[in-house]
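Summary of the model geometry
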Amino acid sequence: MTGTLIVGGGQAGAQIAAGLRDHGYDRPVTLVGSEHIPPYQRPPLSKDYLLGKLPAAKLALRNEQYYARKDIDVVTGTSVTEAGIGDDGGWARTADGRRFTFEYLALATGAQPRRLPGDMGSPGNLLYLRTVADADRLRSLLDTATRFVVIGGGFIGLEAAAVLRAHGKQVTVVEMADRLLNRVAGSELGDFYLDAHRRRGVGFRLGRSVTALTTGATGDAVGVVLDGGETLACDAVVAGVGVVRDPRLAEQLGLAWDNGVIVDRYARTSHPRVVAAGDCVLGPHPAATGRIRLESVQNAVAQAKVAAATICGRTEPYTAVPWFWSNQGTLRLQTAGLHAGATRRILRGDPRTENFSVIYLRENTLTAVEAMNRPADFATARTLLAAGAELVGPATAVADPDIPLADALAVPATTT
Ligand SMILES: Cc1cc2nc3c(=O)[nH]c(=O)nc-3n(C[C@H](O)[C@H](O)[C@H](O)COP(=O)(O)OP(=O)(O)OC[C@H]3O[C@@H](n4cnc5c(N)ncnc54)[C@H](O)[C@@H]3O)c2cc1C
């Protein structure tokens, strides 16, 4: 048995392959991805690609020449469905009957959209947004559909809503919680997005669940029925209600699992010959208490680098500061750090100007920044978070958007 088999052709899988070669790994590297194209960027699918501003050719993470030059064998259009492992390595089989052996296995299987219960009867105009094929289906509806209902007020739902409005569509977002971004951001940001999208003509139903879809003569959904009885007329429905992870390979391999492959800070799973990275993982982070799931490009890339280093026998723990971005028309959000566990937050600027930040502290220690159209706050925050900065003066200095963040927060002398 020789070489590394990477299962999953997304952001993390591509980075593990590149990372292995960057470390001088000279054994075979094979990447198997179930989609029909080599690894590509997902973020534009709900932004510029959906807007029609970015061509499909520009989505690719690396070109074919790169994989050829680095001697990385990329197998697309088939899934690894079976795998087994022993002390020295293992084997895997794909749905189309190929068999691979490996000394190391890297799982980078990502996540899949959480489906609505029973897919609500599976009408043809109910869409999810994860793959380029999903985005193409949504784009193909833009010619005919006028009224869109977006189920889910998270980042993907709001980004889709912004693009659909830019295409001149009528858009209503239905969110089960009482506020937007309930799971992933603080209330200031959720409240801000509600106002900002309303100003741009998006309708909202908060605190409402979808109980059914009504269908017309063609079988397509024509109405979204909410608890309480209201029915929203629609030509298409986009669901962005979170993601789930497929446990089947982890189960076959006997890996520790908790709605994600459990890894340590070196991206090692419970088997010494298997690493994992990206959206499929549940793992520790120095900024978090307990294990967390991070669903972002930054996490996929940083953790994949750690996984590649581990395979190459290096011990490089995952310490990178988490960061994320979301573009919703002119609303450009950048976040750094983790807001969960903060004990104080300071609003920096006026949300009505669409130019503000929210600063999160645990006691006096900076834990996260959400920066809306304030790239300088974001850039400074990343540096300060990495260094362990603290509030050094009055909170009013942090709240003042005209005072640079670096003047209001500083790194304690003992940690510099
Ligand atoms: C529409 C959209 C917008 C986003 N916008 C942002 C953003 O603005 N900023 C940000 O930071 N993040 C964003 N994200 C999240 C980010 O794209 C993900 O966190 C990142 O792609 C995770 O990478 P991954 O490699 O772990 O998983 P994925 O990208 O999901 O890749 C996993 C791949 O593995 C394949 N696979 C699964 N099982 C198997 C198997 N058994 N055999 C073979 N192949 C398999 C899957 O088909 C998939 O191609 C967005 C995601 C989406 C969907």
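A short tour of the structure in this document, coming up. (Residues numbered from 1 in each chain as written. Predicted model: local features only at pLDDT ≥ 70, side-chain atom pairs only at ≥ 80, totals over all residues. Heavy atoms only, no water.)

1. Overview of the site of the ligand
- Looking at the ligand, there are 33 residues lining it, with S34, E35, R42, K47 and R130 nearest.
- Separating an oxygen atom of the ligand from a side-chain N or O atom of S34 is a distance of 2.7 Å.
- One of the side-chain nitrogen or oxygen atoms of E35 is found 2.5 Å away from an oxygen atom of the ligand.
- About the coverage of the ligand: the protein hides 93% of its 1,000 Å² of free accessible area.
- Listed by contribution, the elements that provide at least two residues to the shell around the ligand are α1 (11-22), β2 (29-33), α8 (297-311) and β22 (323-328). (Near = heavy atom within 4 Å. Polar contact = N/O pair within 3.5 Å; in protein donor to acceptor, adjacent residues only side chain to side chain. Areas by Shrake-Rupley, 256 points an atom, 1.4 Å probe, with all protein chains shown as cover. Helix = DSSP H or I, 4+ residues; strand = E, 2+ residues; numbered from the N terminus.)

2. Quick notes on the pattern of salt bridges
- Considering all chains together, one arrives at 21 salt bridges under this definition.
- Notably, a salt bridge pairs R115 with D119, separated by 3.3 Å at the nearest N-O pair.
- Residue D119 is classed as buried on the basis of its relative accessible area, which comes to 16%.
- As a salt-bridge pair, D235 and R147 come within 2.8 Å of each other at their nearest N and O atoms. (Salt bridge = Lys/Arg side-chain N within 4 Å of Asp/Glu carboxyl O. Buried < 20%, exposed > 50% of the residue type's maximum accessible area, 1.4 Å probe, protein only.)

3. Here's the deal with the side chain of D134
- If you trace the backbone, D134 turns up in helix α4 (residues 132-141).
- R137 is the oppositely charged side chain nearest to the buried, salt-bridge-free D134, at an N-O distance of 4.9 Å.
- Polar side-chain contacts of D134 include one of 2.8 Å to the backbone nitrogen of R130.
- Ignoring sequence-local partners within four residues, the contact set of D134 consists of Y128 and L129. (Lys, Arg positive; Asp, Glu negative; His and termini not counted. Contact = heavy atoms within 4.5 Å.)

4. A short note on the sheet that holds strand β5 (residues 90-94)
- Pairing in this open sheet of three strands is antiparallel, and the strands run β4-β5-β6 from one edge to the other. Only two strands of the sheet have a single partner each, and these edge strands are β4 (80-85) and β6 (99-102). Adjacent strand axes in the sheet meet at a mean angle of 20 degrees when their direction is disregarded.
- Where β4 lies against β5, five bridges are found, and the strand directions are antiparallel. Across the sheet, the residue bridging to G84 is W91, located in β5. (Pairing = 2+ DSSP bridges. Axes fitted to C-alpha atoms, helices over the stretch in contact; angles between N-to-C directions.)

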